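Descriptive structure summary
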Amino acid sequence: MIKNLLGVKMNIGLIAHDSKKRLMQNFCIAYRGILCKHRIYATGTTGRLLEEATNLTVHKYLAGHLGGEKQLGAQIENNEIDLVIFLRDPLTPKSHEPDVHNIFQLCDVHNIPLATNVATAELLIKALERGDLDWRDLVRM
């Protein structure tokens with residue numbers, strides 16, 4: 001079990017559709033103090049933008065449409081991701097953007113907390129800070 005000063009160190013997956021990347025940056029800037037205590041994984045472009053905006057260390061997959069979404073999915077299937085924030089644009093999806101349904105299905109099957117909008121993301125981040133998601137450490141063992 002890996003713990004930081006406030007609880008268990010979690011693996012957090014971050015994905016954002018193109019129109020939501022700025023929102024993801026702002027979210028990560030606002031919650032940098034919480035996120036820096038955990039391991040961050042993100043699809044390629046989102047990860048690069050987050051590193052530039054927050055100076056957080058981000059493990060970057062390939063770009064979502066080049067297989068990054070599948071790489072994150074494999075980690076979810078192997079119970080290596082504890083929380084996913086996928087800021088998506090349901091009104092104007094682009095054909096080159098990651099397929100949301102696969103990630104949603106994997107999170108549902110493997111009981112991974114998932115946020116698809118900033119309101120729910122804030123609830124999960126605050127729960128993470130309180131230690132409400134520490135049960136994930138037991139599931140990973």
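Residues numbered from 1 in each chain as written. Predicted model: local features only at pLDDT ≥ 70, side-chain atom pairs only at ≥ 80, totals over all residues. Heavy atoms only, no water.

Topic: the overall build of the chain
Basically, it comes down to this: Secondary structure elements follow DSSP: runs of H or I of four or more residues count as helices, runs of E of two or more count as strands, with numbering from the N terminus. For every residue, the accessible area obtained with a 1.4 Å probe (protein chains only) is divided by the maximum for its type, and the residue is called buried under 20%, exposed over 50%, and partly exposed between those limits. Throughout, a contact is declared for two residues whenever any of their heavy atoms are within 4.5 Å. Working definition of accessibility: Shrake-Rupley area with a 1.4 Å probe, residue cover restricted to the visible protein chains.
Counting its regular elements, the chain contains seven helices and seven strands. In sequence order, the chain lays out its α and β elements as β-β-β-α-α-β-α-β-α-β-α-β-α-α. Per-residue burial for the chain yields a buried fraction of 50% across its 141 residues. Relative to all contacts within the chain whose residues are 6 or more apart in sequence, the contacts with residues 24 or more apart total 68%. By element, 53% of the accessible surface of the chain is carried by carbon and sulfur atoms, the whole surface being about 7200 Å².

Some words on the environment of Leu-87
Inspection of the secondary structure assignment puts Leu-87 in strand β6 (residues 83-87). Overall, the relative accessible area of 2% leaves Leu-87 in the buried class. With 73 residues separating them in the primary sequence, Leu-87 and Leu-14 have C-alpha atoms 8.1 Å apart. Aside from chain neighbours lying at most four places away, what touches Leu-87 is Ile-15, Ala-16, His-17, Lys-20, Leu-23, Met-24, Thr-116, Asn-117 and Val-118.

Some remarks on the nonpolar core
Just so we agree on the cut-off: In plain words, nonpolar cores are sets of buried Ala, Val, Leu, Ile, Met, Phe, Trp, Tyr and Cys residues tied together by side-chain atoms within 4.5 Å.
Formed by 25 residues in total, the largest nonpolar core has its most connected members in Leu-14, Met-24, Leu-35, Ile-85, Ile-125 and Leu-128. Listing elements by their share of this core, those giving two or more residues are β3 (11-16), α1 (21-30), α2 (32-35), β4 (39-42), β6 and α6 (118-130). The element best represented in this core is α6, accounting for four residues. Excluding anything up to four places from it in sequence, Leu-35 contacts Ile-12, Cys-28, Ile-40, Leu-56 and Ile-125.

Some points on the pairing of β6
Within a regular strand, the side chains alternate between the two sheet faces. Put simply, the rule reads: Between any two strands, pairing holds if DSSP finds at least two bridges.
Buried residues dominate β6, accounting for five of its five residues. Side chains of β6 alternate between two faces, with Leu-83, Ile-85 and Leu-87 and Val-84 and Phe-86 buried alike. Where β3 meets β6, five bridges bridge the pair, whose relative direction is parallel. Considered in β6, the bridge of Gly-13 is made with Val-84. Here β6 runs beside strand β7 (residues 114-115); their pairing, made up of two bridges, is parallel. Within the sheet, the bridge partner assigned to Val-84 lies in β7 and is Leu-114.

Regarding the side chain of Asp-82
Formally: What qualifies as a polar contact is a pair of N or O atoms within 3.5 Å, subject to a donor-acceptor requirement within protein and to the restriction that residues adjacent in sequence count only when both atoms come from side chains.
Looking at the secondary structure, you find Asp-82 in the loop between α4 (68-77) and β6. A polar side-chain atom of Asp-82 sits 3.1 Å from a polar atom in the side chain of Arg-136.

Let's talk about unusual backbone geometry
Of note, Asn-55 is a non-glycine position whose phi angle comes to about 65°, a positive value. Position of Asn-55 among the secondary structure elements: in the loop between α3 (44-54) and β5 (58-60). Judged by relative accessible area, Asn-55 falls into the exposed class, the value being 64%.

Observations concerning the packing of aromatic side chains
Quick note on the threshold: Only rings of Phe, Tyr and Trp enter the pairing, Trp through its six-membered ring, and a pair is recorded when the two centres are within 6.5 Å. The plane angle decides the type: under 30 degrees is stacked, over 60 is edge-to-face, the rest tilted.
In the structure shown here, the tally under the stated rule is three aromatic pairs. When the ring of Tyr-41 is compared with that of Tyr-61, the centres are 6.1 Å apart and the planes differ by 25°; the resulting orientation is stacked. Of this pair, Tyr-41 sits in strand β4 while Tyr-61 is found in the loop between β5 and α4, placing the two residues 20 residues apart along the sequence. Residues Tyr-41 and Tyr-61 agree in their burial class; the two are buried.

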